[in-house]
Amino acid sequence: MPKTENEKGFVDVVNGRYKPKGVFHIPEANQPIFNKDTGKLAGITNPRDMTYMHSYGGEAPFFEGLGKGKLMASRCDNAKCETKGSIYQPFRIYCPDCLRKNTVIDMTDLAKTTAKIHSYIITHRSGAFNSLPKPIKFINIEFEGVVTILMSVLAVGEPEFDKKVVPIFNTKTPTYTITDLRFVVEGTSESELPEGFTF
Ligand SMILES: [Zn+2]
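Residues numbered from 1 in each chain as written. Predicted model: local features only at pLDDT ≥ 70, side-chain atom pairs only at ≥ 80, totals over all residues. Heavy atoms only, no water.

1. Some thoughts on the packing of aromatic side chains
- Summed over all chains, the structure comprises five aromatic pairs.
- Each ring, one from Tyr-56 and one from Phe-63, has its centre 4.0 Å from the other, and the planes form 5 degrees; the classification is stacked.
- For Phe-63, a relative accessible area of 11% puts it in the buried group.
- Taking the centre distance of 5.3 Å and the plane angle of 45 degrees together, the rings of Tyr-120 and Phe-161 count as tilted. Pair noted here: Tyr-120 is in strand 10 (residues 116-123) and Phe-161 is in the loop between strand 12 (150-156) and strand 13 (165-170), with a separation of 41 residues, a long-range link.
- You can call Tyr-120 partly exposed: its relative accessible area is 32%.
- Among the aromatic residues, those joined into a ring-pair cluster are Tyr-56, Phe-62, Phe-63 and Phe-91. (Phe/Tyr/Trp six-rings, centres within 6.5 Å; stacked < 30°, edge-to-face > 60°. Buried < 20%, exposed > 50% of the residue type's maximum accessible area, 1.4 Å probe, protein only. Helix = DSSP H or I, 4+ residues; strand = E, 2+ residues; numbered from the N terminus.)

The following block contains the structure:
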């Protein structure tokens, strides 16, 4: 059963502190597990319904950007760093070489013009809580000038090595999670995009 508004937990940050409001733990009756061969008790089920507060911290600009149709990355601008200028996607808050805080940059245009498939894997069976249509076409993506490889999902088209892809964003109903970002093969039309997604 979907939760009513009274059964949900909401959180705001006010004066730098988390202010929870609503319900975060919903109790549910447990059930016994009986051994059908012996009639003896083997255990119990343990239903738990909790709302977890997952803080994004320094990665928040990345997730906020997706809902606005922007792919944010990070770059080391430390003049004393041997790898100065390295761009990281997935977004890294800190440079792995000098451990200084990276600069947040917008790489949307770079992704739109240079993204291509490095490798891929097609998954027919998913784990619990999967929200993606199956089979899931996971793709590893290269971008020009980016030192890391991004894993995402190909929403339209068939994956092939070196095939050009473009990012799409869930700008109409953003969830502020990584599923707001997906990719489609170059040449896909707007009408083929999943519900809520735009280029
Ligand atoms: Zn650095």
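2. Points about the nonpolar core
- The biggest cluster of nonpolar side chains holds 24 residues, and the ones touching the most others in it are Leu-71, Phe-143, Val-165, Leu-181 and Phe-183.
- Other than its neighbours up to four places away in sequence, Leu-71 contacts Phe-62, Leu-66, Gln-89, Ile-105, Asp-106, Met-107, Thr-108, Ala-111, Phe-143, Phe-169 and Leu-181.
- Val-156, Val-166, Leu-193 and Phe-197 belong to the second largest nonpolar core, which has six residues in total. (Core = buried A, V, L, I, M, F, W, Y, C linked by side-chain atoms within 4.5 Å. Contact = heavy atoms within 4.5 Å.)

3. Overview of a nonpolar patch on the surface
- On the surface, a cluster of nonpolar side chains totalling about 350 Å² of accessible area is made up of Val-11, Val-13, Tyr-18 and Met-53.
- With respect to the element layout, Met-53 can be found in the loop between strand 6 (49-50) and helix 1 (60-66). (Patch = residues over 30% accessible without salt bridge, like charges linked within 9 Å, V, L, I, M, F, W, Y side chains within 5 Å. Areas by Shrake-Rupley, 256 points an atom, 1.4 Å probe, with all protein chains shown as cover. Salt bridge = Lys/Arg side-chain N within 4 Å of Asp/Glu carboxyl O.)

4. A word on the sheet that holds strand 14 (residues 181-185)
- The strand order across the open sheet formed by six strands is 10-11-12-14-13-15, and the pairing between neighbours is mixed. Strands at the two margins of the open sheet, each flanked by one partner only, are strand 10 and strand 15 (197-198).
- Where strand 13 meets strand 14, five bridges bridge the pair, whose relative direction is antiparallel. Paired with Val-165 across the two strands is Val-185, which belongs to strand 14. (Pairing = 2+ DSSP bridges.)

5. Focus: the pattern of salt bridges
- Per the counting criterion, the structure on display carries eight salt bridges.
- A salt bridge links Lys-116 to Asp-162; the shortest N-O distance between them is 3.8 Å. You can see Lys-116 sitting in strand 10 and its partner Asp-162 sitting in the loop between strand 12 and strand 13, a full 46 residues away along the chain.
- Note on Lys-116: relative accessible area 29%, which makes it partly exposed.
- Residues Glu-160 and Lys-163 are paired through a salt bridge, measuring 3.5 Å at the closest nitrogen-oxygen approach.
- Take Glu-160: its relative accessible area is 45%, and that puts it in the partly exposed class.

6. Observations concerning the pairing of strand 7 (residues 72-75)
- In this structure, strand 7 lies alongside strand 9 (residues 103-106), joined through four bridges in antiparallel fashion. Bridge pairing in strand 9 links Arg-75 to Thr-103.
- Bridge count between strand 7 and strand 8 (residues 87-88): two bridges; the pairing is antiparallel. Counted as the bridge partner of Arg-75 is Ile-87 from strand 8.

7. Let's talk about the side chain of Gln-89
- Here Gln-89 lies in the loop between strand 8 and strand 9.
- By relative accessible area, Gln-89 is classed as buried at 0%.
- What Gln-89 contacts, discounting residues up to four positions off in sequence, is Phe-62, Leu-71, Met-72, Ala-73, Met-107, Phe-143, Val-146, Thr-148, Ile-149 and Leu-150.

8. Side note on the coordination of the zinc ion
- The protein atoms that coordinate the zinc ion are Cys-76 (SG), Cys-81 (SG), Cys-95 (SG) and Cys-98 (SG), at distances of 2.3 to 2.4 Å.
- Each of the four donor atoms around the zinc ion contributes to a set of angles spanning 104 to 116 degrees, which defines the coordination as tetrahedral.
- Along the chain, the residues donating to the zinc ion fall in the pattern C-x4-C-x13-C-x2-C.
- According to the relative accessible area criterion, Cys-95 is buried, its value standing at 0%.
- Looking at Cys-98, the relative accessible area reads 22%, which means it is partly exposed. (Donors = N, O, S within 2.8 Å, 3.2 Å for Na, K, Ca; no water. Tetrahedral: all angles 85-135°; square planar, octahedral: opposite > 155°, others 65-115°.)

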